[in-house]
Amino acid sequence: VQLQASGGGLVQAGGSLRLSCAASGRTFSNYALAWFRQAPGKERDFVAAISRGGGMTYYADSVRGRFTVSRDGAKNTVYPQMNSLKPEDTAVYYCAAGQIYASSRYRDIREYDFWGQGTLVTVSS
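Let me sum up the structure you'll find in this document. (Residues numbered from 1 in each chain as written. Predicted model: local features only at pLDDT ≥ 70, side-chain atom pairs only at ≥ 80, totals over all residues. Heavy atoms only, no water.)

**So, the environment of Glu88**
Assignment of secondary structure puts Glu88 in the loop between strand E9 (77–82) and strand E10 (91–98). Judged by relative accessible area, which is 54%, Glu88 ranks as exposed. Separated by 68 residues in sequence, Glu88 and Ser20 place their C-alpha atoms 20 Å apart. (Helix = DSSP H or I, 4+ residues; strand = E, 2+ residues; numbered from the N terminus. Buried < 20%, exposed > 50% of the residue type's maximum accessible area, 1.4 Å probe, protein only.)

Here it is, written out as structure tokens:
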């Protein structure tokens, strides 16, 4: 699976941003999709994930209630809608795909085999 992320940019605190990740190369519906983020000097952390069929979503505690992840099968694209952004949301955001079947595994970075190139989100205070 090839993943192409886009939509990053500069936004003020309290604002909103929607990222996109377009997938190609393999059957989109076979893969769970996720977003991770990496701030300068920190590890890459889980943000949100959505199951293969789109029926289940998972969120990090830090974004729950502010971010919403969705997928569009017709466009082979996954989106996080990010609202009420905070300066601590500043990071490079990566989309990822993996064949995941257990709920306990969606937050584990090791479960994802394919990665996009990352897109920078900067939230100013």
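**Observations regarding the side chain of Asp89**
You can see Asp89 is positioned in the loop between E9 and E10. Owing to a relative accessible area of 1%, Asp89 belongs among the buried residues under this scheme. A polar side-chain atom of Asp89 sits 2.9 Å from a polar atom in the side chain of Arg37. Look past the residues within four positions of Asp89 in its chain and what remains in contact with it is Arg37, Arg66, Phe67, Ser84, Val121 and Val123. (Polar contact = N/O pair within 3.5 Å; in protein donor to acceptor, adjacent residues only side chain to side chain. Contact = heavy atoms within 4.5 Å.)

**Some remarks on the side chain of Asp108**
Along the polypeptide, Asp108 turns up in the loop between E10 and strand E11 (114–115). Since its relative accessible area comes to 18%, Asp108 is described here as buried. Within polar-contact distance, the side chain of Asp108 engages the side chain of Arg110 at 2.8 Å.

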